[in-house]
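Here is what each chain is made of, one letter per residue.
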Amino acid sequence: MKKSNARRGFHIPRFYAIYLAVTVSVILIIIASLGVVSNRLAEYEDAQPKYIASEIFSRYFEPSVNYDALLDDARYDREAGTREALKMYLISEIGESEVTYSASSASDDEMKYIVRAGSKQLASIILKASDEKTKHGYTQYEFSYIELFINTVGDNPEPPETEELPKTVTLYFDVPSSYTVTVDGTPLTEKNVTQKHMNKDIIMYFPPESGNTEGLEFSIYMLNTLEAPPEKVTVTDADGNEAEVKYNEETMTYTAGLAYSQALADEYSEFVTAAMTDFAAFGQGAQDKSLWGLQYSGHFDLNSTANEKLVTQAGALWTIWAPSSYDFTDIEIGEFYKFSDDVFSCHISFKLLLERQGQNFSEIMDYYVFLHNVDGKFLIYDWFNA
């Protein structure tokens, strides 16, 4: 009987099977090793003292030198002069020089970083080895102290008594973040900014569409000066409009409000007046004013809260008798404040005079109105009753 040619199964030769298994194992070992090495390197990097040094440097020297904190916390010869004299000495030493720091020396237990103002040695930051180590035994460092170099001999004689010194002052400027602060002709820079905050009280309302529901961002600048308070402080917006500046002598803080935009007032006073007087008449049932007319007047953004308010007002008109006549007096419009290139607000008030069923009525209308840019044209997107 003839044997059939049965199909043989596929078999990997033993040599190649062993070779493949060994290769895969080696690759897995390498991958695992790389992971271990990467983790070790990350752990080692995190333990480096440079990060602590950077934190301490920022605490005392960025964005500008915090002289009061230095004199409170640092080690130095406290008999070298009065506090005001020493502060003046530090200010004069630093001047306009850039303040930097770099590693100086190291031992098993200590790291030293030197702080320089230009080429002058100003201070040293001392770190010490912590009692705690990382998981794999790397040394960790912590802040020990900062030391000031007060040179009261040679080229830097002992500072005179305070009464002989010009007054050293620290001034603060609390202004909108997009504005420029100029002190006696010299503009302050971001290096002078110590903190930012949201000012909720700068205007009465911040509608959601403005992106500023929590207020407007303000920056606080700090300026140390050897002189008395400046003769002139100006705060201007991006268009050069000046904001009103008030000075608090107790806190030595200059505070600015929003800058009035005459350009916006000139361009949009009639526009806003027409829109809001039409809305007021519509809201009192005037027969020559309609929802459709207001919606397509070109004053309101129909994809915003403004349209919702128009529709809501239209729904309430059935409760109102239409006036036989109406007029407006005492129209006042102002407070044109620009928040960005795309958003501004203004304030309008007027008296609405009505004759209804043979009787005369009057009502004061008072609105804060917000406009934003829609395809190159500013339209009203919200308003609030004052």
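In this report, the structure presented in the accompanying data block is examined. (Residues numbered from 1 in each chain as written. Predicted model: local features only at pLDDT ≥ 70, side-chain atom pairs only at ≥ 80, totals over all residues. Heavy atoms only, no water.)

## Structural notes on the packing of helix H5 (residues 262-283) against helix H7 (residues 305-315)
For any two helices packed against each other, one specifies the crossing angle of their axes together with the interaxial distance.
Then, in step 1: Close contact between H5 and H7 brings their axes to 10 Å; oriented N to C, the two are set at 25°. By the criterion of interaxial angle, the relationship of H5 to H7 is roughly parallel. Here H5 contributes Phe279, Phe282 and Gly283 to the contact with H7, which in turn contributes Leu310, Gln313 and Ala314.
Then, in step 2: Broken down by class, the residue content of the contact of H5 with H7 amounts to 4 nonpolar, 2 polar and no charged. (Axes fitted to C-alpha atoms, helices over the stretch in contact; angles between N-to-C directions. Helix = DSSP H or I, 4+ residues; strand = E, 2+ residues; numbered from the N terminus. Parallel < 35°, antiparallel > 145°, perpendicular 65-115°, else oblique. Contact = heavy atoms within 4.5 Å. Nonpolar A, V, L, I, M, F, W, Y, C, P; charged D, E, K, R; others polar.)

## Thoughts on the sheet that holds strand S7 (residues 186-187)
Then, in step 1: If you trace the 3 strands from one edge of the open sheet to the other, you get S7-S6-S10, paired in antiparallel fashion. The open sheet terminates on both sides in strands that have one partner only, identified here as S7 and strand S10 (233-236).
Then, in step 2: Relative to S7, strand S6 (residues 180-183) is paired through 2 bridges, and the arrangement is antiparallel. Directly across from Thr182, in S7, lies its bridge partner Pro187. (Pairing = 2+ DSSP bridges.)

## Description of the pattern of salt bridges
Oppositely charged side chains can pair when the atoms bearing their charge come close.
Then, in step 1: Counted according to the given criterion, the structure contains 6 salt bridges.
Then, in step 2: The shortest N-O distance in the salt bridge between Lys128 and Glu142 comes to 3.7 Å. Of this pair, Lys128 sits in strand S3 (residues 120-133) while Glu142 is found in strand S4 (residues 139-148), placing the two residues 14 residues apart along the sequence.
Then, in step 3: For Glu142, a relative accessible area of 33% gives the class partly exposed.
Then, in step 4: Among the salt bridges present, the one from Asp341 reaches Lys338, with a minimum N-O distance of 3.4 Å. (Salt bridge = Lys/Arg side-chain N within 4 Å of Asp/Glu carboxyl O. Buried < 20%, exposed > 50% of the residue type's maximum accessible area, 1.4 Å probe, protein only.)

## With respect to the nonpolar core
Then, in step 1: Among the nonpolar cores identified, the biggest contains 32 residues, and Met276, Tyr367, Val369, Ile380 and Trp383 are the most heavily contacted of them.
Then, in step 2: Only H5, H7, strand S13 (325-340), strand S14 (343-356), strand S15 (359-374) and strand S16 (377-385) provide two or more residues apiece to this core.
Then, in step 3: It is H5 that provides the largest number of residues to this core, a total of 11 residues.
Then, in step 4: Every residue in contact with Ile380, bar those within four places of it in the chain, is listed here: Phe271, Ala275, Met276, His299, Phe300, Asp301, Ser304, Ala306, Val369, Phe370 and Leu371. (Core = buried A, V, L, I, M, F, W, Y, C linked by side-chain atoms within 4.5 Å.)

## Here's the deal with the sheet that holds strand S8 (residues 193-199)
Then, in step 1: Ordered by their spatial adjacency, 5 strands build an open sheet running S8-S9-S5-S12-S11, and the pairing between neighbours is mixed. The strands lining the two open edges of the sheet, one partner per strand, are S8 and strand S11 (245-248). The average undirected angle you get between the axes of adjacent strands in this sheet is 20°.
Then, in step 2: Summarising the sheet, strand S5 (residues 169-176) and strand S9 (residues 216-225) pair through 8 bridges and their orientation is antiparallel.

## Digging into empty space enclosed by the protein
Then, in step 1: Taken as a whole, this structure holds 1 cavity of 30 Å³ or more when the rule is applied.
Then, in step 2: Taken as a whole, the largest cavity encloses approximately 50 Å³ of empty space.
Then, in step 3: Lining the largest cavity are Ile203, Met204, Tyr205, Glu335, Tyr337, Ser345, Cys346, His347, Tyr368 and Phe370.
Then, in step 4: Of all the elements in the fold, those that place two or more residues in the lining of the largest cavity are S13, S14 and S15.
Then, in step 5: It is S14 that contributes the most residues to the lining of the largest cavity, 3 residues altogether. (1 Å grid on protein atoms, 1.4 Å probe; cavity = no way out; pocket = protein on both sides within 12 Å on 5 of 7 lines; lining within 4 Å. Points joined across faces, edges and corners; volume = space filled by probe spheres on them.)

## A closer look at H7
Note on helix geometry: an α-helix contains 3.6 residues per turn, so any two residues three or four positions apart are oriented the same way.
Then, in step 1: Buried within H7 we find Thr305, Ala306, Asn307 and Leu310.
Then, in step 2: Its buried side turned inward, H7 meets H5, helix H6 (291-295) and S16.

## So, helix H2 (residues 50-61)
Then, in step 1: Here H2 spans 16 Å end to end across 12 residues, near enough to the 16 Å set by a 1.5 Å rise per residue.
Then, in step 2: Restricting attention to buried positions, one finds in H2 the residues Ala53, Ile56, Phe57, Tyr60 and Phe61. Projected down its long axis, H2 carries its buried residues within an arc of 105°, all on one side. (Expected span 1.5 Å × (residues − 1). Arc of directions from axis to C-beta.)

## Details of the environment of Asp131
Then, in step 1: The topology assignment puts Asp131 in strand S3.
Then, in step 2: Take Asp131: its relative accessible area is 80%, and that puts it in the exposed class.
Then, in step 3: With 10 residues separating them along the chain, Asp131 and Tyr141 place their C-alpha atoms 8.7 Å apart.

## Comments concerning the environment of Leu122
Then, in step 1: Here Leu122 is to be found in strand S3.
Then, in step 2: In the structure, Leu122 is positioned 23 residues away from Val99 in sequence and 8.7 Å away in space, judged by C-alpha atoms.
Then, in step 3: Discounting chain neighbours no more than four positions away, the residues touching Leu122 are Phe61, Leu90, Ile94, Val115, Arg116, Ala117, Glu147, Leu148 and Phe149.

## Looking at the layout of surface pockets
Then, in step 1: Computed from the structure, the largest pocket encloses a volume of approximately 960 Å³.
Then, in step 2: What lines the largest pocket is a set of 31 residues, and nearest its centre among them are Ser64, Gly95, Glu96, Asn192 and Leu223.
Then, in step 3: Only H2, helix H4 (83-94), S7 and S9 provide two or more residues apiece to the lining of the largest pocket.
Then, in step 4: Counting residues per element, the lining of the largest pocket draws most heavily on S9, which supplies 4 residues.
Then, in step 5: Space inside the second largest pocket adds up to approximately 230 Å³.
Then, in step 6: Lining the second largest pocket we find Asn199, Asp201, Ile202, Ile203, Phe218, Glu244, Lys246, Thr255, Ala256, Gly257, Leu258 and Tyr337.
Then, in step 7: Looking at the lining of the second largest pocket residue by residue, the classes come out as 6 nonpolar, 3 polar and 3 charged.

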